[in-house]
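Breakdown of the fold
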Amino acid sequence: MNATETVSMVPTSEESPRSSRQDRETVVRKVVRGSVALGMRQVFVHGANILGAVLLARILSPLDFGVYAIVTFLVSFLGTFGGTGLAANLIRMHPAPTDHDYHSVFTFQQLAVGALATVFWLCAPLGAAFYHLSPGASWVFRLAAASLVATSWMVPAQVQMERDLNFRKLALIETTQAVLFNVVAVSMAWLGYGAISFGVALCVRALTGALMANWTEPCCYGWVWDWSTVKRHLRFGVLFQGAQILCLLKDSITPILVGFLVGTAGVGYISWALMLSSYPVMTLMVLKRIYLPTFAHFQNDRGVLATCFERVIWLTTSVTAPLAVALLLFVYPITDLVFGAKWESAIPLFYWFWAANAFVPTANPAVSLLNSLGHVRVPTMFALLWMAGTWIDRKSVV
């Protein structure tokens, strides 16, 4: 190879910025296309969830609605292990993770999920007794454990889609899951099956997600035990997941302490008030899914990252503020017309929980930004403080 050939293989000062600019534009186009697709489909997701919750609130008594809230919380808590929590570092890795990384993390996660699901299955009768439910209600908890195992099988495909910013596929999967869950839950509740409706609906949602994820993004599964590789990913994953667990523990006072002190009906009233007060923030859940992978792509270009973050804050605030104010002003007619007069006694609780709309729209993007930059300890400490404040707040409500 002569000197001329050597020089020709080195990118010039003009080519390098152009290549970088083209890569950046490609990522931006993918984010925009994915955001639009995810936004349009997530309208159906949250629309289905809201409509399902409204119908369940009208069909069910506060007692049965409390069971629904308890099971939903438990599935969210255990789903932190079955979802992408342990695989979070795979989403933000640069360069891309190898098959060995995927197989090692998947093997460890399946062992952890299997152990949790087994314990949850065996302890289901104790859970029913704790909430003073009939022995048959233990099958709701067992079905929730089965749904956790099914959910864990969509993780590798889900991670790959998020890395590729392929939000259109994710949106399609989540839309289908939401529609099927609410159709099954509402139909069975209307037919009089009671709490078991939620367990069956959870299993349908989990199996649908696993099948669709692996059909749209085929993955090569492998079983590899490599503790050194797992430990490397867990350095980030444990703290990332720890913050998620703290956020869930923050909300656990309602299904655990309230359920123990004032009964399942009390859980139903408080859960309804929380659900209604969080509707303005729910409109932003479409963007929450995009934050981490998008910020991670721009982590080495702080100028673009700062601009992206500023626009996200502006968007979240401008969307949430008017919806939150309108909900606050018209809460009584909304309650009577949509949910039924039986929930009016929980409106004072709604006023108490509504204040979260002032800071949640900003907190979620900020936490994702810190996680994308690897500063996972700060969100964990923030989650710990938020959990302590919420427990003190809701303990005063009880």
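Described in the following lines is the structure provided in the data block. Since the structure is predicted, the reported quantities are computational estimates derived from the model, not experimental observations. (Residues numbered from 1 in each chain as written. Predicted model: local features only at pLDDT ≥ 70, side-chain atom pairs only at ≥ 80, totals over all residues. Heavy atoms only, no water.)

Here's the deal with the side chain of Thr 107
When you line up the elements, Thr 107 lands in helix 5 (residues 99-122). With residues up to four places along the chain from it excluded, the contact list for Thr 107 reads Gly 222, Trp 223, Val 224 and Trp 225. (Helix = DSSP H or I, 4+ residues; strand = E, 2+ residues; numbered from the N terminus. Contact = heavy atoms within 4.5 Å.)

Points about the packing of helix 5 against helix 8 (residues 155-163)
Each pair of packed helices can be summarised by the angle the axes make with each other and by the distance between the axes. Close contact between helix 5 and helix 8 brings their axes to 10 Å; oriented N to C, the two are set at 135°. The orientation of helix 5 relative to helix 8 falls into the category oblique. The hand of the helix 5/helix 8 crossing is right-handed. Taking contact as the criterion, the partners of Tyr 102, Phe 106 and Gln 109 in helix 5 are, on helix 8, Val 155, Pro 156, Val 159, Gln 160 and Arg 163. Residue classes in the contact of helix 5 with helix 8 are distributed as 5 nonpolar, 2 polar and 1 charged. (Axes fitted to C-alpha atoms, helices over the stretch in contact; angles between N-to-C directions. Parallel < 35°, antiparallel > 145°, perpendicular 65-115°, else oblique. Left-handed = near helix turned anticlockwise from the far one by under 90°. Nonpolar A, V, L, I, M, F, W, Y, C, P; charged D, E, K, R; others polar.)

A few points about the packing of aromatic side chains
This structure, assessed with the given rule, holds 11 aromatic pairs. Between Phe 108 and Trp 227, the ring centres sit 6.0 Å apart and the planes meet at 50°, which makes this aromatic pair tilted. One end of the pair, Phe 108, is in helix 5; the other, Trp 227, is in helix 11 (residues 227-251), and 119 residues separate them in sequence. Through a chain of ring-to-ring contacts, three or more aromatic side chains come together here, namely Phe 106, Trp 153 and Trp 223. (Phe/Tyr/Trp six-rings, centres within 6.5 Å; stacked < 30°, edge-to-face > 60°.)

Considerations on the nonpolar core
Of all hydrophobic cores here, the largest spans 53 residues; its most connected members are Leu 56, Phe 65, Phe 141, Trp 272, Leu 276 and Phe 339. When residues in this core are grouped by element, the largest group, 8 residues, is from helix 3 (residues 62-82). The contact partners of Leu 56, leaving out residues within four places of it in the chain, are Phe 65, Tyr 68, Ala 185, Val 186, Ala 189 and Phe 198. (Core = buried A, V, L, I, M, F, W, Y, C linked by side-chain atoms within 4.5 Å. Buried < 20%, exposed > 50% of the residue type's maximum accessible area, 1.4 Å probe, protein only.)

Let's talk about the side chain of Gln 110
Here Gln 110 shows up in helix 5. Separated by 3.0 Å, the side chains of Gln 110 and Ser 152 make a polar contact. (Polar contact = N/O pair within 3.5 Å; in protein donor to acceptor, adjacent residues only side chain to side chain.)

Points about the pattern of salt bridges
The tally for this structure, following the rule as stated, stands at 1 salt bridge. With its nearest N and O atoms 3.1 Å apart, the salt bridge here joins Lys 169 to Glu 217. Placement of the pair is Lys 169 in helix 9 (residues 167-190) and Glu 217 in the loop between helix 10 (196-216) and helix 11, with a sequence separation of 48 residues. The exposure class assigned to Lys 169 is partly exposed, which follows from its relative accessible area of 27%. (Salt bridge = Lys/Arg side-chain N within 4 Å of Asp/Glu carboxyl O.)

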